[in-house]
Amino acid sequence: MLENNKVATADLVIGDKKFSYPIYEGTEKERALDIRKLRAETGLITYDPGFVNTGSCESAITFLDGEQGILRYRGYDILDLAENCEFIEVAYLLIQGRLPTKAERQRYARLLNQHSMLHEDMQGFFRNYPEGAHPMAIASAMVVSLSSFYPEIADREEEKSLAATRLISKIRTMAAFSYKKSVGEPFVYPSSKLTYCENLLNMVFASPVADYKLDPVLVKAMNQLLILHADHEQNASTSVVRMVGSTGANLYASISAGISALSGPLHGGANQEVMEMLEEIRAHGGDVDKMVERAKDPNDSFRLFGFGHRVYKSYDPRAKIAKKVCTGVLEKLGINDPLLDIAMKLEERALNDEYFIKRKLYPNVDFYTGITYRAMGFPTNMFTMLFAIGRLPGWIAQWYEMHNDPNQKIGRPRQAYCGPTQLRYVPIEQRT
Ligand code: CMC
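Just so you know, these numbers come straight off a predicted model, no measurement behind them. (Residues numbered from 1 in each chain as written. Predicted model: local features only at pLDDT ≥ 70, side-chain atom pairs only at ≥ 80, totals over all residues. Heavy atoms only, no water.)

J.: Looking at this structure, I do not really get the site of the ligand. What am I missing?
T.: Surveying the vicinity of the ligand reveals 20 residues, the closest of which are His267, Arg303, Leu304, Gly306 and Arg310. Within the side chain of Arg359, an N or O atom sits 2.9 Å from an oxygen atom of the ligand. Considering only residue class, the shell around the ligand consists of 10 nonpolar, 6 polar and 4 charged. (Near = heavy atom within 4 Å. Polar contact = N/O pair within 3.5 Å; in protein donor to acceptor, adjacent residues only side chain to side chain. Nonpolar A, V, L, I, M, F, W, Y, C, P; charged D, E, K, R; others polar.)

So, in C-alpha cells, the structure goes:
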C-alpha cells in the first residue's frame, strides 16, 4: 500500500494557519502528495484540468517513465514481452498479475476458444447497422449489450473472471463481424483449432469460398501490436473504465464506455487519423513541410497525428517497436508502401523542427501501426478497433484492481464554479 511508504511531509500555509500533508513514494520512486483531507481541513479544492498532476489511484499494473521512455507491464519490459510472448500471455499477466505457466496458458487459450462465439441473436444487431457504420460504434453498443445476454455477472470473483474471458474472446468476433458487415460478406465463425490472433485474422480475411492462408509473420506481428496496446496506466479510456466501474456499473458497461473514450482522435482514434493524414500528404505530392507548418500554426487547430503524448517526453517505446514491426512486415510481404516513406520523412522533418524539439513531441504508438495494419489488409476504419482489442486486458485488469482497492470511492471530481451568482426568476412576459 502506498500509504505505508510515507517519505516526507508537505506543509501548506494559508494565512496564519499551517496544514501538513503526507508524501508517499511508490516502488519506482514516484512521489505523491496525499491531499485527501485538503477540502475538509482548508475548504480548498485542487484545480487541475485534464488531471495533469492528479494521481487518481495507486496501481501495480503498469509502470511508465515518460522521460526515459520506459514501459513495463507488471514489471516486465514492453520490448521483452513483445518479442517473446503471445498476446494472451500478456492478457493473463495483466489480469492475473503473473505470467502463466505452459499449462495455464493452454487452459486459458482453450477457455478463450470456448467463449469465442456470439449469441446467435446478437448477429441480428449487425444487420440493422447502416452501411459504413464505424466498428467502434458497433463494438461499444455490442459490449454493453453483453450484460443482457450474459446477465449472471455479479460480485462473485469467478463470475467476474468469466465475464472478462468472454469479453476478451468475443471482442475479436465482434470486430471481425463488423468488418464483414461493412464489406457485405458473410460472417466467418471462430475456430477452436486456431490461436487468438490466428482466429482474428481468419475471421476477418477468410470467406466461405476462399480460405485465408495464415502467415506466421503476420500472426506474430498481430500478437506484437496487440501487446503494445495492452495497457498504458491511467490514460483517458482507462480512467473512464475506472470511473464508470466506480459507480457499481458492471464490467461490460464500463468497458463499453472505455471503447467510446478510445474512439476519439486524440486517443486511439489517432491511428486512423494518421493514415488519413499520410494519404492527404501523398495526394498533395508528398510535401511533408506543409503538414508540419499547419501543425505549428497557433491559428490552426490541426495537430500532427501520431505525435506527442501527455506522459512521454521522449520517444514512445511502443512507437520504436511498432516501427520495427512495420518495416519487418512490409519487407516480408514485399510491399513498397509510399506511405511508409512519407511517414519516415515526416518523422525526420518534425524531429528536427524547433517547435517539436522544444515541446518534446515524438512519434507515439499510433504513428506506424496503421501502415502495418494496411499491409495486413485491414481497412482504415478497423485500426482503432484493433487498438481496443489490444487495450481490453488492461481495462479489465484496472477495473479489477479498482474494485479490490480499499481506498476506492465513486469517482466524483469537484469544480470551481464561475457562472452567475443567484438570479431571481423572471416570468417569460417580463424578459427582454
Ligand atoms: N502536433 C502539433 N502540436 C502538438 C501536438 C501535435 N501532435 N501535440 C502537442 N502539441 C503542442 C500543443 O499545441 C501545445 O503547444 P503550446 O504549448 O504552444 O500550446 C504543446 O504541444 C503541449 O500540448 P498539450 O495539448 O498541452 O499536450 P497534452 O498532453 O494535453 O496532449 C496529446 C497530448 C496526445 C493529446 C497531443 O500530443 C495530441 O493531440 N497529439 C495528436 C493526437 C495523437 O497522436 N494521439 C495519440 C496519443 S498516443 C495513443 C494513446 O494512448 O491514445
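J.: What am I meant to see in the side chain of Gln272 here?
T.: Along the chain, Gln272 falls in helix H12 (residues 270-283). With a relative accessible area of 15%, Gln272 lands in the buried category. Residues in contact with Gln272, not counting those within four places in the same chain, are His134, Thr380, Asn381, Phe383 and Thr384. (Helix = DSSP H or I, 4+ residues; strand = E, 2+ residues; numbered from the N terminus. Buried < 20%, exposed > 50% of the residue type's maximum accessible area, 1.4 Å probe, protein only. Contact = heavy atoms within 4.5 Å.)

J.: Mind showing me how you'd approach the sheet that holds strand S1 (residues 6-14) here?
T.: Hydrogen bonding along the main chain pairs the strands of a sheet, whether they run parallel or antiparallel. Taken in spatial order, the 3 strands of this open sheet run S1-S2-S3, and their pairing is antiparallel. The two strands at the open ends of the sheet, each matched to only one other strand, are S1 and strand S3 (31-33). The average undirected angle you get between the axes of adjacent strands in this sheet is 30°. Where S1 lies against strand S2 (residues 17-25), 8 bridges are found, and the strand directions are antiparallel. Across the sheet, the residue bridging to Val13 is Lys18, located in S2. (Pairing = 2+ DSSP bridges. Axes fitted to C-alpha atoms, helices over the stretch in contact; angles between N-to-C directions.)

J.: I'm lost on the domain arrangement of the protein in this one. Help?
T.: Note: interface size is frequently given as the accessible area lost on complex formation between the parts. For the protein, the assigned domains are domain 1 (2-47), domain 2 (76-264 + 387-403) and domain 3 (270-376). Domain 1 and domain 2 are separated by 39 Å when their C-alpha centres are compared. (Domains from an automatic or database assignment.)

J.: Please explain helix H6 (residues 135-149) as it appears in this structure.
T.: Since there are 3.6 residues in each turn of an α-helix, residues three or four apart along the chain are aligned in direction. The end-to-end C-alpha distance of H6, which contains 15 residues, comes to 20 Å, matching closely the 21 Å that a straight helix rising 1.5 Å per residue would cover. Among all positions in H6, only Pro135, Met136, Ile138, Ala139, Ser140, Met142, Val143, Ser145 and Leu146 are buried. (Expected span 1.5 Å × (residues − 1).)

J.: Even after reading the chapter, I still don't get the layout of surface pockets, so can you show me in this structure?
T.: Gaps left between atoms show up when a probe the size of a water molecule is rolled over them. Computed from the structure, the second largest pocket encloses a volume of approximately 390 Å³. Around the second largest pocket, the lining comprises 20 residues; the ones closest to its centre are Ile95, Gln96, Ser161, Thr165 and Tyr400. Only helix H3 (87-96), helix H4 (102-114), helix H7 (157-183) and helix H18 (383-404) provide two or more residues apiece to the lining of the second largest pocket. Examining the composition of the lining of the second largest pocket, we find that 7 residues originate from one element, H7, more than from any other. (1 Å grid on protein atoms, 1.4 Å probe; cavity = no way out; pocket = protein on both sides within 12 Å on 5 of 7 lines; lining within 4 Å. Points joined across faces, edges and corners; volume = space filled by probe spheres on them.)

J.: How should the sheet that holds strand S6 (residues 76-77) be read in this particular structure?
T.: One open sheet holds the 3 strands; their spatial order is S4-S5-S6, and the pairing between them is antiparallel. Since the sheet does not close on itself, it has two edges, and those belong to strand S4 (62-65) and S6, each with one partner. Across 4 bridges, S4 lies against strand S5 (residues 70-73) in antiparallel orientation. Bridging from a neighbouring strand, Thr62 pairs with Tyr73 of S5.

J.: Before we go on, may I ask you to explain the nonpolar core in this structure?
T.: In this structure, Tyr73, Tyr196, Met222, Ile255, Leu304, Phe378 and Ile396 are the most contacted members of the largest nonpolar core, which totals 116 residues. With 12 residues, H18 is the single largest residue contributor to this core. Split by domain, this core shows at least three residues from each of two domains, domain 2 (76-264 + 387-403) and domain 3 (270-376). (Core = buried A, V, L, I, M, F, W, Y, C linked by side-chain atoms within 4.5 Å.)

J.: Explain the pattern of salt bridges here, please?
T.: Side-chain pairing between opposite charges can occur once the charged atoms of the two side chains come close. Here the structure, examined in full by the defined rule, presents 24 salt bridges. In this structure, Arg349 engages Glu293 in a salt bridge whose closest nitrogen and oxygen atoms are separated by 2.9 Å. In this pair, Arg349 is assigned in helix H15 (residues 338-351) and Glu293 in helix H13 (residues 288-296), connecting sequence segments 56 residues apart. Relative accessible area serves as the criterion here: at 22%, Arg349 is assigned to the partly exposed category. Salt-bridge contacts for Asp300 lead to Arg294; the nearest nitrogen and oxygen are separated by 2.8 Å. Overall, Arg294 belongs to the partly exposed group, its relative accessible area being 34%. One connected set of salt bridges, linked through shared partners, spans Asp289, Glu293, Lys296, Arg349 and Asp353. (Salt bridge = Lys/Arg side-chain N within 4 Å of Asp/Glu carboxyl O.)

J.: Can you help me understand a nonpolar patch on the surface in this one?
T.: Taken together, the side chains of Leu12, Ile14 and Leu44 define a hydrophobic patch exposed on the protein surface, amounting to about 200 Å² of accessible area. Structurally, the position occupied by Leu12 is in strand S1. (Patch = residues over 30% accessible without salt bridge, like charges linked within 9 Å, V, L, I, M, F, W, Y side chains within 5 Å. Areas by Shrake-Rupley, 256 points an atom, 1.4 Å probe, with all protein chains shown as cover.)

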